[in-house]
Amino acid sequence: MNGQSSQQQSKDGRHDDDAALTEFLASLMDYTPTVSITDLYLGITDRTAIVNNYADSQIPDELVEHYLGKSGFQCPDVRLTRLVAVATQKFIADVATDALQQCKARQSAVIKDKRDKQQKDKRLILTMEDLSKALREYGVNVKHQEYFADSPSAGLDAASREE
Amino acid sequence: MMGTTSLRQKQQQQPPLDDDVVTPISESEFSFTIARVAVAQICQSVGFKGAQNSALEALTDITTRYLEAIAKLGAASSNSNRRTQSNLPDIIVALEDLASVQGFPGSSDIRSHSLWTSAVIKDLMKLVKYRDEIPFAQPLPAKNRFFQGAKRKLLKHRGDNQRWYCNGGSCRHVPSWLPPVPVVEEKDKGAEGKKGEVKWECWEERGKKNGNVGRRRWKRSAIMKIFKYQEREGK
């Protein structure tokens, strides 16, 4: 009895996951599926149709298909291309959010006149320093050279440069 | 700040698309420029007002590498399961591998449980459900405009290679991952039958008319006609 109930629960859990995944894949395309892609994998065919909103990615499909084709990834299914586009967008958004937090942290640390602070708050700019700090957590090491050695005073302190 | 442009300017900056551009742009530069616009849009939606050029280019480079990494991992996982075309589990495996650097809930028993319960996919589902979509800033050209020069003529007739082959085009026997079959253009429409058959006598007559000067030319045109006939026969 216990075995049966736990089996039933795991089946229900799996059905919920399938339903959520079907809904998600359907939202990537503008159509109503009658048989979901996970059903095809698992061999289940009795499933009600799910209607959803159409979701798109900011990364265009042609660009994603170009890079996927360049690396040998073949898939005729457009939904999977959209899925990859959404995943990439999420990654970039996460990186940009971390960089934004770094930028805001730096602005709050520098306490000057009220006027200067307001001016800085208005202009949130993606800089190389913030980006390298944010990317370090993702395993990407970006190091930007601080100056170009094109003149003898390059890289010196401001005081010594005035001299 | 030196070298910063506002993100709005970046979006309105069009990548060179016109035919009369003097300097030819390579395919990789073109796709990089488009990716840069997309990344600038994403940064703007996150909250940035401007970006340093070098930072934006670095982020775009990372975007392209991320896309290629997903593609390589997905293709590798499908190939190791004796398949050439990738499917949903392959993508989930690829995304899990890439997300394992940062870590996600459930990464300790990775792939031992069902792939459908992976936290990677669940995060994506939540993102798509609760986020407003913003369309791409620039109208993109048709896919065949990526290439410059002679190749463009070939691709103009084919359009999307995969769809042509998959939808029962004339070259159904050719696998879709091969480059497109060149369309040979017919120049002289002489004595041509309904199905493109041209009698050998007509060719000889034509050769005699030209005084056997253009013998090579009409021989080549004969071969072209045969090719075209074979192509049409496949329909």
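Right above here is the structure, for reference.
The sections below set out a description of the structure shown in this document. (Residues numbered from 1 in each chain as written. Chains lettered and ligands numbered in written order. Predicted model: local features only at pLDDT ≥ 70, side-chain atom pairs only at ≥ 80, totals over all residues. Heavy atoms only, no water.)

**Quick look at the overall build of chain A**
Then, in step 1: Broken down by element type, chain A carries seven helices and one strand.
Then, in step 2: Reading chain A from its N end, one meets helices and strands in the order α-α-α-α-α-β-α-α.
Then, in step 3: For chain A, long-range pairs separated by at least 24 residues make up 58% of all intrachain contacts whose partners lie at least 6 apart in sequence.
Then, in step 4: Summed over all atoms, the accessible surface of chain A reaches about 9,900 Å², with 48% contributed by carbon and sulfur. (Helix = DSSP H or I, 4+ residues; strand = E, 2+ residues; numbered from the N terminus. Contact = heavy atoms within 4.5 Å. Areas by Shrake-Rupley, 256 points an atom, 1.4 Å probe, with all protein chains shown as cover.)

**Brief notes about the packing of helix α4 (residues 78–109) of chain A against helix α2 (residues 27–46) of chain B**
Then, in step 1: The contact between α4 of chain A and α2 of chain B brings their axes to 9 Å, and the two run at 50°. The pairing of α4 of chain A with α2 of chain B is recorded here as oblique in orientation. Where α4 of chain A crosses over α2 of chain B, the two elements pack in a sense that is right-handed. Contacts between α4 of chain A and α2 of chain B pair Gln89, Ile92, Ala93, Ala96, Thr97 and Leu100 of chain A from the former with Val39, Ile42, Cys43 and Val46 of chain B from the latter.
Then, in step 2: Looking at the contact of α4 of chain A with α2 of chain B, its residues break down into eight nonpolar, two polar and no charged. (Axes fitted to C-alpha atoms, helices over the stretch in contact; angles between N-to-C directions. Parallel < 35°, antiparallel > 145°, perpendicular 65-115°, else oblique. Left-handed = near helix turned anticlockwise from the far one by under 90°. Nonpolar A, V, L, I, M, F, W, Y, C, P; charged D, E, K, R; others polar.)

**As for the nonpolar core**
Then, in step 1: Counting 67 residues, the largest nonpolar core has Phe24, Leu83 and Leu126 of chain A together with Phe48 of chain B as its most contacted members.
Then, in step 2: Looking at this core, the elements that each hand over two or more residues are α1 (2–28), α3 (61–70), α4 and α6 (128–136) of chain A together with α2, α3 (53–79), α4 (88–99) and α5 (119–130) of chain B.
Then, in step 3: Among all residues touching Phe48 of chain B, those that are not within four sequence positions of it are Ala96, Ala99, Leu100, Leu124, Ile125 and Leu126 of chain A together with Leu7 and Cys43 of chain B. (Core = buried A, V, L, I, M, F, W, Y, C linked by side-chain atoms within 4.5 Å. Buried < 20%, exposed > 50% of the residue type's maximum accessible area, 1.4 Å probe, protein only.)

**Structural notes on the packing of aromatic side chains**
Then, in step 1: For the structure shown, the criterion picks out two aromatic pairs over all chains.
Then, in step 2: Pairing Phe91 of chain A with Tyr138 of chain A gives two aromatic rings, centres 5.5 Å apart and planes at 90°, and the pair type is edge-to-face. Placement of Phe91 of chain A in helix α4 and of Tyr138 of chain A in the loop between α6 and α7 (158–162) is noted, with a sequence separation of 47 residues between them.
Then, in step 3: Measuring from ring centre to ring centre gives 4.1 Å for Phe91 of chain A and Tyr66 of chain B, while their planes differ by 5°; the resulting arrangement is stacked. One end of the pair, Phe91 of chain A, is in helix α4; the other, Tyr66 of chain B, is in helix α3, on a second chain.
Then, in step 4: Following the ring pairs from residue to residue traces out a cluster consisting of Phe91 and Tyr138 of chain A together with Tyr66 of chain B. (Phe/Tyr/Trp six-rings, centres within 6.5 Å; stacked < 30°, edge-to-face > 60°.)

**Remarks on the pattern of salt bridges**
Then, in step 1: For the coordinates displayed, the defined rule picks out nine salt bridges over all chains.
Then, in step 2: Linking Arg82 of chain A and Asp61 of chain A is a salt bridge whose minimum nitrogen-to-oxygen distance equals 2.7 Å. Of the two residues, Arg82 of chain A is situated in helix α4 and Asp61 of chain A in helix α3; the sequence distance between them amounts to 21 residues.
Then, in step 3: Given the relative accessible area of 10%, Arg82 of chain A is considered buried.
Then, in step 4: The exposure class of Asp61 of chain A is buried, given its relative accessible area of 18%.
Then, in step 5: Linking Arg65 of chain B and Asp61 of chain B is a salt bridge whose minimum nitrogen-to-oxygen distance equals 3.2 Å. Residue Arg65 of chain B and its partner Asp61 of chain B are both found in helix α3; the two are separated by four residues, about one turn of the helix.
Then, in step 6: By relative accessible area, Arg65 of chain B is classed as exposed at 54%. (Salt bridge = Lys/Arg side-chain N within 4 Å of Asp/Glu carboxyl O.)

**Description of the side chain of Ser71 of chain A**
Then, in step 1: Considering the arrangement of structural elements, one finds Ser71 of chain A in the loop between α3 and α4.
Then, in step 2: Taking relative accessible area as the criterion, Ser71 of chain A reaches 17% and is therefore assigned buried.

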